Amino acid sequence: MKAVELDYPIYTLDKRLLLPAGDKLSSKVLDELIARDKGKSYKVIPFLEHSTVYRDLRRLFQEPPYDLIFGEQERAFALSLMKKINFMVPVLEFLDYFKEHDFYTYRHTLMVFALSTILARDLLGKSEDLIMEAMAGTIHDFGKICVPLEILKKSDPLTRTNKNILEHHALAGFVLLSYFHRDQRSFAARVAKEHHERRDGSGYPLGISLKDSMVEAIAACDVYDALLSPRPYRPIPYDNRTALEEITAMTQQGKLSWKVTQVLISHNRKDKPHFRECKISFEKRGKPPADNIYGVIKDEEPDTGERKNDK
Ligand SMILES: [Fe+2]
Ligand SMILES: [Fe+2]
């Protein structure tokens with residue numbers, strides 16, 4: 001990878017500093033970091049056996065529009081696959097942390113993961129090995145442990161600095177998952193780094209053009225689930241129709257591929273057509289929710305560190 005300077009530090013959930021702000025992140029630096037704690041090993045536990053994950057997923061599958069997407073067959077497929085997936089303890093600790101402190105991120109992580117399993121089946125074919133490989137440890141927002149909760153949960157517009165700290169989660173997740181998986185080329189690490197990149201190069205952190213359809217599928221699920229969720233900056237979520245129209249608009253702008261969009265939309269159709277036969281509607285009937293301040297940036301807050309009597 002091209003060396004990139006880190007604007008903010010990267011640390012683990014127990015506040016162990018992995019890389020300080022100002023360090024140049026490169027493949028060599030990452031390899032050195034991975035080698036640093038080579039002897040360390042992490043226990044792995046079946047994902048669905050952890051805490052309330054299984055119960056929460058079953059409940060979330062019943063909420064619209066997921067009740068339609070996860071028909072009996074899809075639900076059975078997603079759960080049987082997830083039953084075989086093990087997560088290492090630091091990943092499970094990520095889930096526990098967000099379940100306690102920012103339930104949206106916890107729920108979003110579970111749903112993007114579950115949704116990605118059925119998109120993976122369409123994109124990668126029936127080979128369970130391939131799907132398992134793609135899904136192992138793909139916790140796309142892992143780097144959010146490096147973003148203060150006040151910023152994640154902020155309900156008024158973000159400042160430019162807040163936004164930069166938030167966007168830091170992509171590189172942070174890449175470093176953290178490379179470190180925990182001992183492999184900077186692992187799919188999980190790549191998903192963390194690239195899930196905000198777009199096909200036309202308009203995304204972040206590097207502005208590269210997204211080419212891997214499986215990473216792109218996870219990116220599409222990420223946007224889709226975020227639109228469907230009430231957020232601090234958007235108390236009323238998008239309805240399903242309008243969310244799919246947003247995804248279609250992104251595709252028309254060249255940010256996502258038609259193939260991935262067809263896969264996502266095909267799962268929203270009652271008759272579940274094969275994605276290649278799924279015709280996309282360009283009719284704009286949806287209405288984005290009012291009071292949506294996503295993307296609004298406000299001026300920096302005045303520096304409160306100034307001493308009042310300094311005159
Ligand atoms: Fe993200
Ligand atoms: Fe996300």
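This one's a predicted model, so the numbers in the text were calculated from it and none came from an experiment.

Draft legend 1. Broad picture of the overall build of the protein. The helix and strand tally for the protein stands at 13 helices and 8 strands. A compact globule built from 311 residues would reach a C-alpha radius of gyration of about 19 Å, and the protein, at 20 Å, matches this within 12%. If one aligns the C-alpha atoms of the protein with their principal axes, the spans along those axes are about 70 × 50 × 35 Å. Taken across its 311 residues, the protein has 51% of its residues classed as buried. Element-wise, carbon and sulfur atoms account for 51% of the exposed surface of the protein, whose accessible area totals about 15,200 Å². Side chains of the protein carry 48 positive and 46 negative charges; the gap between the two charge centres is 2 Å.

Draft legend 2. Representation of the packing of helix α2 (residues 53-60) against helix α6 (residues 103-124) within the structure. With their axes 11 Å apart at the nearest point, α2 and α6 run at an angle of 75° to one another. Between α2 and α6, the crossing angle belongs to the class labelled roughly perpendicular. Along the contact surface, α2 presents Val-53, Asp-56, Leu-57, Arg-59 and Leu-60, while α6 presents Phe-103, Tyr-106, Arg-107, Leu-110, Met-111 and Ala-114. In terms of residue class, the contact of α2 with α6 is built from 8 nonpolar, no polar and 3 charged.

Draft legend 3. Examining the pattern of salt bridges more closely. Using the criterion set out here, one finds 17 salt bridges in the structure. Between Asp-14 and Arg-16 there is a salt bridge, with the nearest N and O atoms lying 3.9 Å from each other. A salt bridge links Arg-107 to Asp-225, with the nearest nitrogen and oxygen atoms 2.9 Å apart. One end of the pair, Arg-107, is in helix α6; the other, Asp-225, is in helix α11 (residues 213-228), with 118 residues separating them in the sequence. Grouping residues by exposure puts Arg-107 and Asp-225 together as buried. Members of the salt-bridge network, linked through shared partners, are Asp-14, Arg-16 and Asp-37.

Draft legend 4. Up close: the coordination of the iron ion (ligand 2). Protein-derived coordination of the iron ion (ligand 2) comes from His-108 (NE2), His-140 (NE2), Asp-141 (OD) and Asp-222 (OD), at a distance range of 2.1 to 2.3 Å. For the iron ion (ligand 2), all donor residues lie on one chain, and their spacing in sequence is H-x31-H-D-x80-D. The iron ion (ligand 1) is placed at 3.6 Å from the iron ion (ligand 2), the two being bridged by Asp-141. Remark: Asp-222 occurs in helix α11 and His-108 occurs in helix α6; sequence separation between them is 114 residues. Just as His-108 is buried, Asp-222 falls in that class too.

Draft legend 5. Structural detail: the confidence of the model for the protein. Summarising the model, the protein shows a mean pLDDT of 91, and 95% of its residues fall at 70 or more. Mean pLDDT across the elements of the protein bottoms out in strand β8 (residues 297-298) (77) and peaks in strand β2 (residues 10-11) (98). Considering only residues more than four positions removed or in separate chains, one finds that residues 304-311, a stretch of pLDDT under 50, has 0 contacts.

Draft legend 6. Inspection of the layout of surface pockets at higher detail. Approximately 260 Å³ is the volume attributed to the second largest pocket. Around the second largest pocket, the lining residues are Gln-73, Glu-74, Arg-121, Asp-122, Lys-126, Ser-266, His-267, Lys-272, Pro-273, His-274 and Phe-275. For the lining of the second largest pocket, the secondary-structure elements that each account for two or more residues are α4 (72-83) and α6. Class assignment of the residues belonging to the lining of the second largest pocket gives a composition of 2 nonpolar, 4 polar and 5 charged.

What counts, and where the lines are drawn
- Residues numbered from 1 in each chain as written.
- Chains lettered and ligands numbered in written order.
- Predicted model: local features only at pLDDT ≥ 70, side-chain atom pairs only at ≥ 80, totals over all residues.
- Heavy atoms only, no water.
- Helix = DSSP H or I, 4+ residues; strand = E, 2+ residues; numbered from the N terminus.
- Rg over C-alpha atoms; globule rule 2.2 N^0.38 Å.
- Buried < 20%, exposed > 50% of the residue type's maximum accessible area, 1.4 Å probe, protein only.
- Areas by Shrake-Rupley, 256 points an atom, 1.4 Å probe, with all protein chains shown as cover.
- Lys, Arg positive; Asp, Glu negative; His and termini not counted.
- Charge placed at Lys NZ, Arg CZ, Asp CG, Glu CD.
- Axes fitted to C-alpha atoms, helices over the stretch in contact; angles between N-to-C directions.
- Parallel < 35°, antiparallel > 145°, perpendicular 65-115°, else oblique.
- Contact = heavy atoms within 4.5 Å.
- Nonpolar A, V, L, I, M, F, W, Y, C, P; charged D, E, K, R; others polar.
- Salt bridge = Lys/Arg side-chain N within 4 Å of Asp/Glu carboxyl O.
- Donors = N, O, S within 2.8 Å, 3.2 Å for Na, K, Ca; no water.
- pLDDT = per-residue confidence, 0-100.
- 1 Å grid on protein atoms, 1.4 Å probe; cavity = no way out; pocket = protein on both sides within 12 Å on 5 of 7 lines; lining within 4 Å.
- Points joined across faces, edges and corners; volume = space filled by probe spheres on them.

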